[in-house]
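# Report on the structure
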Amino acid sequence: MHDAEARVLNAIDAADTVRLLAETVRTPSVTGTDAESELQHRFAGLLTEAGMDVDVWQLDLADLTARPGFPGSEAPRVEGYGVVAVTPGEGPPALALQGHVDVVPTGDLAKWAGSDPFAARITGDVLRGVLHGRGACDMKAGLVANLAVARALRVSGVRLARPLAVHCVISEEDGGLGAFATLARGHTAEAAVITEPTSGTVITANAGALTFRLEIAGRAAHGATRHEGVNAVEVFWPVFEAIRRLEAGRNRDVPGLFGLATPYPIEFGTVRAGDWASTVPDLLIAEGRLGVRLDEDPAAARAAFEEAVADVADPWLRANPPVVTWPGGQFASGRLPAGHALLSEVTGAVADTTGRRPAESAAPYGSDLRLYAAGGIPTLHYGPGDVRFAHAPREQVELAELHEVTRALALLAVRRCGAL
């Protein structure tokens with residue numbers, strides 16, 4: 001390695017990185033809450049301390065909602081902030097490291113070990129232990145890795161020939177409002193790495209995901225004379241079966257890059273029906289997510305779903321058509337352009353710091369990648385953690401992964417941005 005590369009790697013403080021991760025997890029930055037804004041301001045201060053020029057701004061929510069391409073949102077919010085930090089230098093950043101500060105709600109507290117999802121409990125030591133807590137994996141470990149790179153550059157005294165940017169965004173979990181706002185403000189880069197959890201691989205493509213709402217009508221009657229009514233739950237069942245058939249058809253001949261049999265799943269997250277125990281339910285509302293195939297227009301995915309629902313051969317449904325709407329997050333698919341140098345640069349940096357060259361893969365979930373790609377910024381994912389722990393009461397991240405990713409990203413930053 002060149003002297004500048006070694007100096008930056010030697011300047012990474014592993015124990016301090018774990019301390020910062022624990023501090024970050026202890027901030028309960030659930031999407032749309034005050035703590036989300038609190039953490040944005042905290043990172044703005046830390047990035048300023050790292051010697052970067054920091055842009056902090058309050059999002060104009062009304063303006064962003066009215067813009068073409070608005071990605072949708074699900075969590076209610078009254079405010080939001082953007083944070084972008086850039087090292088000194090001329091021209092657009094050669095590289096942006098991006099992460100989101102928001103996390104999903106905790107769910108049933110009784111299912112968490114110790115009953116506190118934000119305790120940032122550590123088992124083992126700071127080098128090879130595990131940190132447990134909501135957001136540890138998705139994606140505060142990646143967020144902290146980005147900051148650790150900026151800190152190492154500051155401590156090492158290495159000056160970059162071209163700027164490095166760090167983007168901290170909100171609202172990724174419910175659509176991508178923060179990334180959308182960051183790009184709308186004019187922040188850009190020649191390439192970007194989003195440090196979502198990738199389990200040691202490099203993710204170069206994402207499927208999309210569209211939130212749907214399905215309303216099925218029934219006819220109310222007293223439960224004692226149920227044959228006078230039409231149960232919306234029973235009417236829903238053939239619709240459910242039709243959607244499962246649609247899912248099977250949309251997952252034939254999928255790209256091998258996913259390594260999954262069902263990279264474009266369709267799933268119902270909530271189903272609600274009825275308002276009284278002894279009344280035949282006259283309305284069922286189901287909400288879920290529709291997987292969007294790589295390079296598929298989201299409008300075409302919506303049309304396929306609506307057609308499958310409309311084509312169910314049921315006399316009641318013919319006379320009382322289900323109502324399909326599309327609230328909430330609307331994630332298109334996205335991918336790194338084929339042959340782009342960023343892939344080899346990232347895999348090379350990982351190989352040179354770990355001795356292992358990571359595999360390339362694709363992910364079945366939506367992310368901010370598609371917004372950066374649509375904005376003309378070649379983007380991929382590489383970050384600490386296993387996504388199977390995300391959104392679950394067992395959420396955790398292995399600290400060895402955090403340290404490995406931080407070192408690889410630091411080497412990538414020096415190589416891509418150049419050292420003076």
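The preceding data block contains the structure.
From a predicted model like this one, the values you see are computed outputs, not experimental measurements.

One pass over the structure, following the stated rule, counts 25 salt bridges. Between Arg67 and Asp63 there is a salt bridge, with the nearest N and O atoms lying 2.9 Å from each other. Judged by relative accessible area, which is 35%, Arg67 ranks as partly exposed. Each of the salt bridges in this network shares a partner with another, and the network as a whole consists of Asp16, Arg19, Glu23, Arg42 and Arg151.

Overall, antiparallel pairing links the three strands, which are arranged E4-E5-E17 in an open sheet. If you trace the sheet from one side to the other, it starts and ends with strand E4 (121-123) and strand E17 (396-398), each paired once. Strand-to-strand twist in this sheet, taken as the mean axis angle between neighbours without regard to direction, amounts to 20°. The sheet contact formed by E4 and strand E5 (residues 130-132) spans three bridges and is antiparallel. Bridge pairing links Arg121 to His132 in E5.

Closest axis-to-axis distance for the helix H1 (residues 3-10)/helix H12 (residues 399-417) pair is 9 Å, and the angle between their directions is 145°. Note on packing geometry: the crossing formed by H1 with H12 is right-handed. Along the contact surface, H1 presents Ala4, Glu5, Val8 and Leu9, while H12 presents Arg407, Ala410, Leu411, Val414 and Arg415. Grouping the constituent residues of the contact of H1 with H12 by class yields six nonpolar, no polar and three charged.

Quick look at the layout of surface pockets now. Considered as a void within the structure, the largest pocket measures approximately 1,100 Å³ in volume. If you trace the largest pocket, you find 37 residues lining it, with Glu173, Arg289, Tyr365, Gly366 and His391 closest to the centre. For the lining of the largest pocket, the secondary structure elements donating two or more residues are strand E9 (208-217), strand E10 (266-273), strand E11 (283-292) and strand E15 (360-363). The greatest single-element share of the lining of the largest pocket, amounting to four residues, is contributed by E10. Among the residues forming the lining of the largest pocket, the class breakdown is 15 nonpolar, eleven polar and eleven charged.

Another aspect to go through is the nonpolar core. Membership of the largest hydrophobic core comes to 79 residues, with the highest contact counts inside it found for Val193 and Tyr382. Broken down by element, the residue count for this core peaks at eleven residues, all from H12. Among the nonpolar cores identified, the runner-up in size contains 27 residues, and Val239, Ile243, Val324 and Trp326 belong to it.

The rules we used
Residues numbered from 1 in each chain as written. Predicted model: local features only at pLDDT ≥ 70, side-chain atom pairs only at ≥ 80, totals over all residues. Heavy atoms only, no water. Salt bridge = Lys/Arg side-chain N within 4 Å of Asp/Glu carboxyl O. Buried < 20%, exposed > 50% of the residue type's maximum accessible area, 1.4 Å probe, protein only. Pairing = 2+ DSSP bridges. Helix = DSSP H or I, 4+ residues; strand = E, 2+ residues; numbered from the N terminus. Axes fitted to C-alpha atoms, helices over the stretch in contact; angles between N-to-C directions. Left-handed = near helix turned anticlockwise from the far one by under 90°. Contact = heavy atoms within 4.5 Å. Nonpolar A, V, L, I, M, F, W, Y, C, P; charged D, E, K, R; others polar. 1 Å grid on protein atoms, 1.4 Å probe; cavity = no way out; pocket = protein on both sides within 12 Å on 5 of 7 lines; lining within 4 Å. Points joined across faces, edges and corners; volume = space filled by probe spheres on them. Core = buried A, V, L, I, M, F, W, Y, C linked by side-chain atoms within 4.5 Å.

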